[in-house]
Structure formats: structure tokens, C-alpha cells
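# Observations on the model geometry
Residues per chain, in single letters:
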Amino acid sequence: MAKKLVIKVTAGADAPERCSQAFTVAAVAVASGVEVSLWLTGESAWFALPGRAAEFELPHAAPLQDLLESVLAGGAVTLCTQCAARRDITEKDVVEGVRIAGAQLFVSEIMPDGVQALVY
């Protein structure tokens, strides 16, 4: 099993099943004791804002807010710098525990041995 799982989610409400799958895998991995880093990019960037995950609905899926809270409690959640800038989101706007960082950090997280990266 990978020592660390890095998940980049590019989908939001525009592709709800793909979005929900990414958050579900991240939360299950955290619950399983895997080190998890979840990256919010593209349309998923909006979920870094308070209340946005609670607005997301998908039948037969766990509430996105609960999944996000699970990942924040046991892993890392990062909002892409460029994605944040394109949406006028700043550090003061995001949910507590969400950091804003760019490609350099993403690459440094995915390159070590024992890391599995997934993109949704």
C-alpha cells in the first residue's frame, strides 16, 4: 500500500459523480490510516469556501461537507494558487485548515517513492 495518497480533484458541481468519488476516496483513505493530501483545482476550488461543500448534493453519496471535514481532520487540503486567483479566493476566504499552494508543492508531494497520485 502507498505510504501517501495525493488526490487532485478538478471536478465540482459540473461533474458531481467524479467530484464525489474523489472526496470519498480521500475520506476512506484517511479513515484507513493512509496519509492523504487532497488538492482542490478547477471547479472544485469553490469547496474551499465555507458552506460550499454543504450545498453540494448527489443522490446515494455521502455529504460532501462530511467528507471534507474528515479529510481536514486527518489529512491535508490544498487549494491551487492559480485556481484560487482566477476565482478571487484568498487565504482569508477559505475554510480553516485549507492552505493555498501551487504546482511546486504538488510536484514535491507526488515525486517521492511510496506516493500514489490520483486525478479526478
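Residues numbered from 1 in each chain as written. Predicted model: local features only at pLDDT ≥ 70, side-chain atom pairs only at ≥ 80, totals over all residues. Heavy atoms only, no water.

## Some remarks on the nonpolar core
- Ranked by size, the top nonpolar core spans 35 residues in total, and within it Phe 23, Leu 38, Leu 40, Leu 64 and Leu 79 carry the most contacts.
- Mapped onto this core, the elements with two or more residues apiece are strand 1 (4–9), helix 1 (16–31), strand 2 (35–40), helix 3 (64–74), strand 3 (76–80) and helix 4 (81–86).
- Take this core: its biggest share by element is seven residues, from helix 1.
- Other than its neighbours up to four places away in sequence, Leu 38 contacts Ile 7, Val 9, Phe 23, Ala 26, Val 71, Ala 76, Val 77 and Thr 78. (Core = buried A, V, L, I, M, F, W, Y, C linked by side-chain atoms within 4.5 Å. Buried < 20%, exposed > 50% of the residue type's maximum accessible area, 1.4 Å probe, protein only. Helix = DSSP H or I, 4+ residues; strand = E, 2+ residues; numbered from the N terminus. Contact = heavy atoms within 4.5 Å.)

## Comments concerning the sheet that holds strand 5 (residues 115–119)
- The strand order 4-3-2-1-5 describes an open sheet built from five strands, whose pairing is parallel. Each edge of the sheet is formed by a strand with only one pairing partner; in this case those strands are strand 4 (98–101) and strand 5. Going across the sheet, the axis of each strand differs from the next one's by a mean of 25°, ignoring polarity.
- The pairing of strand 1 with strand 5 spans five bridges and is parallel. By the bridge assignment, Lys 8 is partnered in strand 5 with Val 119.
- Against the sheet, helix 1 touches strand 1, strand 2 and strand 5, its axis set at about 160° to strand 1. (Pairing = 2+ DSSP bridges. Axes fitted to C-alpha atoms, helices over the stretch in contact; angles between N-to-C directions.)

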